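Overview (structure and organization)
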Amino acid sequence: MRRPPRSSMRLGLAILVIAVIVLLLPLFIPSFVGSLVTKMMIYALFGMSLNIIWGYAGIPSFGHAAFFGVGGYAAGILILKVGISNFWLNMLLALIVTAVIAAILGVPAFRVFGVGAGAANPIYFLLATIAFGEILSRVVIALRPVTGGSTGLAGIPEPDLGLGFEMTAGRYYYLVFVILAICLYIIYRIVNSHYGYALRGIHDNERRMQALGYNTWLYKYTSWIIAGIFGGVAGVLFAYFGGIMAPNNLAMITSDIAFLLVIMGSTTVFFGPLVASVVYVGVEYVASLYLPDRWPLIFGAMFVLTIMIIPDGLGVWILRGWRRLFRGSPA
């Protein structure tokens, strides 16, 4: 039986060590740090979901928060207005709603995302994605009896996992960890499947993929829906984490977070947005302590510094360091 290359074994061992550290972390850190790590994991999934369509399919979107917000609002409404308390059922129904919204919004979005010289300007697609989030945020403001309006949908309780299991902040940490791990595994399998390699081909040369017989519109459209579903998972987790969903969670201000996570982490390295989420939430926390009024300036500076200093992203830097560390070692 052929043994796997040592590089793969090292990578697997590194992932296992990191997973064990994250699992044991709550035993050695204050509860507020555990909450920060929980937020990092939620934002990591949010960034990874955007990277499905941006890094692999080559479709940047300024409206990805629409799916994040729809997932969170759907879960909150199901709990507070419909009376469905079970976490798993809420998650399933919220993701169905998110998938339907993504499927509906994808049709007009990709009408302006053509191919070649006859295609519409890609800026029209970006403007369309911005509009989706802004329109949905105005819709939730208008539907005040259901969504809480401009004040947000507050009072979302801790998740009910059934069987009398009592949820606490520490246990929610592990719930988010497990869901993140499952989602990352699924995303990894998707982007490294035949489907994922087809998306890469469309990203690199869509005309060639069409000549080979691929329905590139369908591939891009389905990747949009898949990314929306994972964004919805992050939104559901965020709703339970904060206990409230606000109109801004659907708008461009939240989409900017996902955009920054992908730029800072790298569109070409799978784990890039995950690393970027650690940096982002850490900077956000420090800024909230010392410069809360300057956060918009700091947030903008993070965009500028990322583009100037690490244009390839943190993920590329880490990958290069990993390769240098084991350069010359036997495979």
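Okay, so let's go over this structure. (Residues numbered from 1 in each chain as written. Predicted model: local features only at pLDDT ≥ 70, side-chain atom pairs only at ≥ 80, totals over all residues. Heavy atoms only, no water.)

Observations concerning unusual backbone geometry
At S266, a residue that is not glycine, the phi angle is positive and equals roughly 115°. Here S266 lies in the loop between α11 (252-265) and α12 (272-290). (Helix = DSSP H or I, 4+ residues; strand = E, 2+ residues; numbered from the N terminus.)

Here's the deal with the layout of surface pockets
Taken as a whole, the largest pocket encloses approximately 1,600 Å³ of empty space. As for the largest pocket, its lining consists of 38 residues, and the residues nearest its centre are I15, I18, L184, F271 and L274. Elements represented by at least two residues in the lining of the largest pocket include exactly α1 (6-24), α2 (31-56), α7 (169-191), α12 and α14 (314-325). Considering every element that reaches the lining of the largest pocket, the biggest residue donor is α1, with nine residues. The residue makeup of the lining of the largest pocket, split by class, is 30 nonpolar, six polar and two charged. (1 Å grid on protein atoms, 1.4 Å probe; cavity = no way out; pocket = protein on both sides within 12 Å on 5 of 7 lines; lining within 4 Å. Points joined across faces, edges and corners; volume = space filled by probe spheres on them. Nonpolar A, V, L, I, M, F, W, Y, C, P; charged D, E, K, R; others polar.)

Here we look at a nonpolar patch on the surface
A cluster of nonpolar side chains, L13, L16, V17, V20, I21, L23, L24, L27 and F28, forms an exposed patch at the surface whose accessible area comes to about 870 Å². Structurally, the position occupied by I21 is in helix α1. (Patch = residues over 30% accessible without salt bridge, like charges linked within 9 Å, V, L, I, M, F, W, Y side chains within 5 Å. Areas by Shrake-Rupley, 256 points an atom, 1.4 Å probe, with all protein chains shown as cover. Salt bridge = Lys/Arg side-chain N within 4 Å of Asp/Glu carboxyl O.)

Considerations on the pattern of salt bridges
With the rule as written, the count across this model stands at four salt bridges. We note a salt bridge from K220 to E206, for which the minimum N-O separation is 3.1 Å. With K220 in helix α10 (residues 216-242) and E206 in helix α9 (residues 206-211), the pair connects residues that are 14 residues apart, well separated along the chain. Judged on exposure class, the residue K220 and its partner E206 are both buried. A salt bridge links D312 to R320; its shortest N-O distance comes to 3.2 Å. Looking at D312, the relative accessible area reads 40%, which means it is partly exposed. Taking the relative accessible area as the measure of exposure, R320 reaches 38% and is therefore partly exposed. (Buried < 20%, exposed > 50% of the residue type's maximum accessible area, 1.4 Å probe, protein only.)

Regarding the environment of M264
Relative to the assigned elements, M264 resides in helix α11. Among residues more than four places away in sequence, those in contact with M264 are A276, V279, M302, T306, I310, G313 and L314. (Contact = heavy atoms within 4.5 Å.)

Digging into the packing of aromatic side chains
Following the criterion strictly, the structure yields 22 aromatic pairs and no others. Judged by centre distance (5.8 Å) and plane angle (65°), the ring pair of Y280 and W295 falls under edge-to-face. Linking Y280 in helix α12 with W295 in helix α13 (residues 295-309), this pair joins segments that are 15 residues apart in sequence. Here Y280 and W295 have matching classes, each one buried. By way of ring pairs, the aromatic residues Y43, F46, F68, F238, Y280, W295, F299 and F303 are connected into one cluster. (Phe/Tyr/Trp six-rings, centres within 6.5 Å; stacked < 30°, edge-to-face > 60°.)

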